[in-house]
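# A closer look at the structure
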Protein chains: 2
Amino acid sequence: MALSPLAPASFPALPVIDGVRFATVAAGVRYKGRTDVMLAELAPGSTVAGVFTRSATRSAPVLDCQDKNGKAQSGRAAILVNSGNSNAFTGRNGVEAVNALTAAVAQTTGIDASRVFTSSTGVIGEPLPYDRIVAKLADLNAALDPAGIDAAAKAIMTTDTFPKGSAREITVDGKPVKIAGIAKGSGMIAPDMATMLVYIFTDAAIGHRALQGLLNEITDRTFNCITVDSDTSTSDTLIMGATGASGVQVEANPDFASALEEVMLDLALQVVRDGEGATKFVEVQVTGAASNEDARKVGLSIANSPLVKTAIAGQDANWGRIVMAVGKSGAQADRDRLSIRFGDITVAENGWRAPNYSEDATSAYMKQQDLVIGVDLGIGDGLATVWTCDLTHGYIDINADYRS
Amino acid sequence: MALSPLAPASFPALPVIDGVRFATVAAGVRYKGRTDVMLAELAPGSTVAGVFTRSATRSAPVLDCQDKNGKAQSGRAAILVNSGNSNAFTGRNGVEAVNALTAAVAQTTGIDASRVFTSSTGVIGEPLPYDRIVAKLADLNAALDPAGIDAAAKAIMTTDTFPKGSAREITVDGKPVKIAGIAKGSGMIAPDMATMLVYIFTDAAIGHRALQGLLNEITDRTFNCITVDSDTSTSDTLIMGATGASGVQVEANPDFASALEEVMLDLALQVVRDGEGATKFVEVQVTGAASNEDARKVGLSIANSPLVKTAIAGQDANWGRIVMAVGKSGAQADRDRLSIRFGDITVAENGWRAPNYSEDATSAYMKQQDLVIGVDLGIGDGLATVWTCDLTHGYIDINADYRS
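Residues numbered from 1 in each chain as written. Chains lettered and ligands numbered in written order. Predicted model: local features only at pLDDT ≥ 70, side-chain atom pairs only at ≥ 80, totals over all residues.

## A closer look at the overall build of chain A
Within chain A, the secondary structure is distributed over 12 helices and 15 strands. The C-alpha radius of gyration computed for chain A amounts to 22 Å, which stays within 12% of the reference 22 Å derived for 404 residues, consistent with globular compactness. Overall, chain A is about 70 × 50 × 35 Å in size when its C-alpha atoms are taken along their principal axes. Put simply, chain A has 404 residues, and 60% of those count as buried. Contacts spanning at least 24 positions in sequence make up 82% of the contacts within chain A whose residues lie at least 6 apart. (Helix = DSSP H or I, 4+ residues; strand = E, 2+ residues; numbered from the N terminus. Rg over C-alpha atoms; globule rule 2.2 N^0.38 Å. Buried ≥ 20, exposed ≤ 12 C-beta atoms within 10 Å, placed from the backbone. Contact = placed C-beta atoms within 7 Å.)

Have a look at this one:
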């Protein structure tokens, strides 16, 4: 798969998070000649929290993680992830695979099985050949390395064209606190979910309940505001581990919350920039809605509209399709108060084309790689920002042929 | 535009409906070298009813039709339709255009302006050059012809690759009653709406209230159950005229209701068969849902999923994506009671791949042009059928380049 034209210039330098070690291996779950399993180990005293897909057909590993999440307040923990097979809709086989994997990780690492979290991503409905992963666990355990996070970001990729990472460092009471995260995701990306696969680590100290609250709140403004194709995965999982190794307590610390939000937004936007077939990155800014909820409906209606997304792919300033998407969104809207802009160019206002509308100026703007669509509903104070990509021949190529 | 591979072999023979006359003309609204305006005239004593888009940004002609619908019980009436420009999101200009057109039609035909219904379809946000249409009204009026319905079906096309027509004839109390309808639509087709542009005529006698009730009810099972691209038009309009010329009263007549439903379903499915870029026609049959509403949610979630639609385009029996679409639909679902079939082939049941699943047999089935996807949720008695097409390179070609 060719590198996305929206890919960042390079993978960011991720700091070592004290108390976390990583290992990867090529287990041949489905892919040949590449790593496809990652193991992360969290030191004693670590807090773990997560958010998960709300799909009614979610996978066996997701159900297992949800069951375990928050049962223990802190302690050693492990996260095992494979790519190539999602272990979703695999019936009794799915549960059997999760149980076998968590038992094997517990035995190999000495970590309690109730603190072993697993994720699987890839094809739906095929039995997971978990024995291939179990056979590699001793190797994985022996290879655990505090500097292994870059390799981990690569091992969890499926149709991704680049690995995704993000980090922030803040100072609390004169002491450094670090956050580092990795993500994968490219297709079957839609909101009303937790996210794709995302793993974030920090050496801050924070209790499970506080960490879970932060994740829930920030997910709504980051991963739940991106969409590639309106299709919600059965496997979306975000797990965060806080080792406390920095000795810094960050409960109710706004600087920590801000830094975490920056990492989560950065990872979410990298997922959009790796949207299947994407050639344009689009930020939809909705203001003036009757409520934030209405603003989000309008933003997602625009971001999920095949007609809007194909117009963007064709670099066509087709604002009529934005009007259509506002109209179908279900949000309160008044045609004659609606205004629409592309970047700084107002294209429509007061229910019609802007008086000084210039097709040439707008067309020139549409040739940019990063685009902003602004919609003001002129009704209230509700606002939301949603991020998406265009819909291109590349998306059809990938999905008409690839059994993902 | 190449003819859709799903097009019917020929345009059906539509009967003359006593009391209705048609004329068409090339007014050059946007297209060159083809007809783009149709006028239909209904004789004295005619009842008219309609259903319209629920879009919050609906067009000036739609708002005007909604305002007029049902105000007069019966009388002469006219329907004027242009293609090439939708007169949607055109602000005060839009209202001005509708008023000018209805006044001109009233003056030319002697029909009361409150009984002149107009529709416009095509590009959004451009002022409608209504003077070009007004200039042709005398010609149109002079050319009115009871046999003109075939030409009318052609004049209202935009990205359509074939004209759409359907008719039924029934006998009531020994007397013949005829129904004939035409439709246009190919993209920006999604449910939760009235439909695209549809005009249906009958020589039956039926009051406005009864006709309106029939249309509302049947629309929910026909036009509101089709989707091409999940995008709801700003202009969707269905108008039906009943001239009563047969002398047959059909209020509360089940044979008439059935025949009308057959015509409406036939036209709706022709719209799907002309879906932009479509190469496959897909019927999604949902059963065993907690309610009919839930069944419809599941059907539309499958029919609107880009991943399902691209898999169908690629002739890939990717039932994992059906599982995903059921999961994200918001309907009550139990992974372990769900079963899925392609045609007569059960591919998944009891939360996993069917024990005798054959990839070869399923792949062979997916090569057919007309496909049935069956989903049983195993929970209740709710059911729904939804119709759609695949998502192909053709859709991207049409919509990344065409300013529609």
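Once you've had a look at it, read on.
## Concerning the relation of the copies chain A and chain B
Relative to chain B, chain A is turned by 180 degrees and slid 0.0 Å along the rotation axis, the superposed coordinates differing by an RMSD of 0.0 Å. The superposition operator between the copies reduces to a two-fold rotation axis. Across chain A, the smallest distance between a C-alpha and the rotation axis is recorded for His393 of chain A, namely 2.9 Å. The residues that chain A uses at the interface reappear at the interface of chain B in 100% of cases, marking a shared surface. (Least-squares fit on C-alpha atoms with pLDDT ≥ 70 in both.)

## Describing the packing of helix H1 (residues 60-68) of chain B against helix H2 (residues 91-109) of chain B
All names here are of chain B. Axis separation between H1 and H2 bottoms out at 8 Å; the angle between their running directions is 55 degrees. With respect to each other, H1 and H2 are oriented oblique. Note that H1 runs across H2; the crossing there is right-handed. Of the residues in H2, those touching H1 at Ala60, Pro61 and Asp64 are Gly94, Val95, Ala97 and Val98. For the contact of H1 with H2, a count of residues per class yields five nonpolar, one polar and one charged. (Axes fitted to C-alpha atoms, helices over the stretch in contact; angles between N-to-C directions. Parallel < 35°, antiparallel > 145°, perpendicular 65-115°, else oblique. Left-handed = near helix turned anticlockwise from the far one by under 90°. Nonpolar A, V, L, I, M, F, W, Y, C, P; charged D, E, K, R; others polar.)

## Concerning the sheet that holds strand S10 (residues 281-289) of chain A
Residues and elements named next belong to chain A. Ordered in space as S8-S15-S10-S14-S11-S12-S13, the seven strands form an open sheet in which the pairing is mixed. Bordering the open sheet on either side are strand S8 (226-227) and strand S13 (352-353), each of which pairs with just one other strand. Here four bridges tie strand S11 (residues 339-342) to strand S14 (residues 370-376), and the two strands are oriented antiparallel to one another. Among the inter-strand pairings, Arg341 is bridged to a residue of S14, identified as Gly374. (Pairing = 2+ DSSP bridges.)

## Brief notes about the pairing of strand S2 (residues 37-52) of chain A
Residues and elements named next belong to chain A. Of all 16 residues in S2, 13 are buried, a share of seventy percent or more. Alignment of strand S1 (residues 20-25) against S2, held across six bridges, turns out to be antiparallel. Looking at the pairing, Phe22 lines up with Ala40 of S2. Direction of pairing for S2 relative to strand S9 (residues 237-242): antiparallel, over a ladder of six bridges. Pairing of Thr47 across the sheet is with Ala242, part of S9.

## As for the interface of chain A and chain B
Contacts between chain A and chain B engage 51 residues on the former and 51 residues on the latter. Those elements giving two or more residues to the side of chain A that touches chain B turn out to be helix H2 (91-109), helix H9 (306-313), helix H10 (319-328), S13 and helix H12 (393-401) of chain A. Here the residues of the side of chain A that touches chain B sort into 19 nonpolar, 22 polar and 10 charged.

## Some points on the sheet that holds strand S12 (residues 345-349) of chain B
Residue and element names in this part refer to chain B. The seven strands are arranged S8-S15-S10-S14-S11-S12-S13 in an open sheet whose pairing can be described as mixed. Edge strands, defined here as strands with exactly one partner in the open sheet, are strand S8 (226-227) and strand S13 (352-353). Here two bridges tie S12 to S13, and the two strands are oriented antiparallel to one another. Counted as the bridge partner of Glu349 is Trp352 from S13. Here helix H11 (residues 359-366) sits on the sheet in contact with strand S11 (339-342) and S12, set at roughly 120 degrees to S12.

## Some points on the pairing of strand S9 (residues 237-242) of chain B
Residues and elements named next belong to chain B. Counting buried positions along S9 gives six out of six residues, so the element sits mostly inside the fold. The side-chain alternation of S9 yields two buried faces, one formed by Thr237, Ile239 and Gly241 and the other by Leu238, Met240 and Ala242. Taken together, the six bridges between strand S7 (residues 197-202) and S9 define a ladder with parallel strand orientation. By the bridge assignment, Val198 is partnered in S9 with Leu238.

## Here's the deal with the confidence of the model for chain A
Do not read the fine detail of predicted coordinates wherever pLDDT is low. All names here are of chain A. Scored by pLDDT, chain A comes out at a mean of 89, with 96% of its residues at no less than 70. Model confidence for chain A, summarised as mean pLDDT per element, is weakest for S8 at 76 and strongest for helix H3 (residues 130-134) at 98. Here residues 191-195 scores under 50 on pLDDT; set against residues more than four positions off or in separate chains, the count is 27 contacts. (pLDDT = per-residue confidence, 0-100.)

## Considering the environment of Val347 of chain A
Residue and element names in this part refer to chain A. Looking at the secondary structure, you find Val347 in strand S12 (residues 345-349). Given 25 C-beta atoms within 10 Å, Val347 falls into the buried group. Distance from Val347 to Trp319, taken between C-alpha atoms, is 7.4 Å for residues 28 residues apart in sequence. When residues no more than four places from it in sequence are discounted, the contact partners of Val347 are Ala317, Trp319, Ile340, Arg341, Phe342, Arg353, Ala354, Tyr357 and Thr362.

## Some points on the domain arrangement of chain A
Residue and element names in this part refer to chain A. Under the domain assignment, chain A is made up of domain 1 (20-273) and domain 2 (281-401). Inter-centroid distance (C-alpha atoms) of domain 1 to domain 2 is 33 Å. Facing 11 residues of domain 1, the contacting portion of domain 2 comprises 11 residues. Contributing elements (two or more residues each) for the side of domain 1 that touches domain 2: S8 and helix H7 (254-273). In terms of residue count, H7 provides more of the side of domain 1 that touches domain 2 than any other element does, three residues in total. Of the residues in the side of domain 1 that touches domain 2, the class split is six nonpolar, four polar and one charged. (Domains from an automatic or database assignment.)

## Observations regarding the environment of Glu251 of chain B
Residues and elements named next belong to chain B. Looking at where Glu251 falls in the secondary structure, it is placed in the loop between S9 and helix H7 (254-273). A tally of 14 C-beta atoms within 10 Å means that Glu251 is categorised as partly exposed. C-alpha separation for the pair Glu251 and Ala210, spaced 41 residues apart in sequence, amounts to 6.4 Å. Ignoring sequence-local partners within four residues, the contact set of Glu251 consists of Ile206, Gly207 and Ala210.

## So, unusual backbone geometry
Negative phi characterises most residues that are not glycine, and trans characterises most peptide bonds. Residues and elements named next belong to chain A. Phi at Asn87 is positive, roughly 50 degrees, even though this residue is not glycine. Structurally, Asn87 is set in the loop between strand S3 (75-85) and H2. Of note in this structure, Asp173 is not a glycine but carries a positive phi near 50 degrees.

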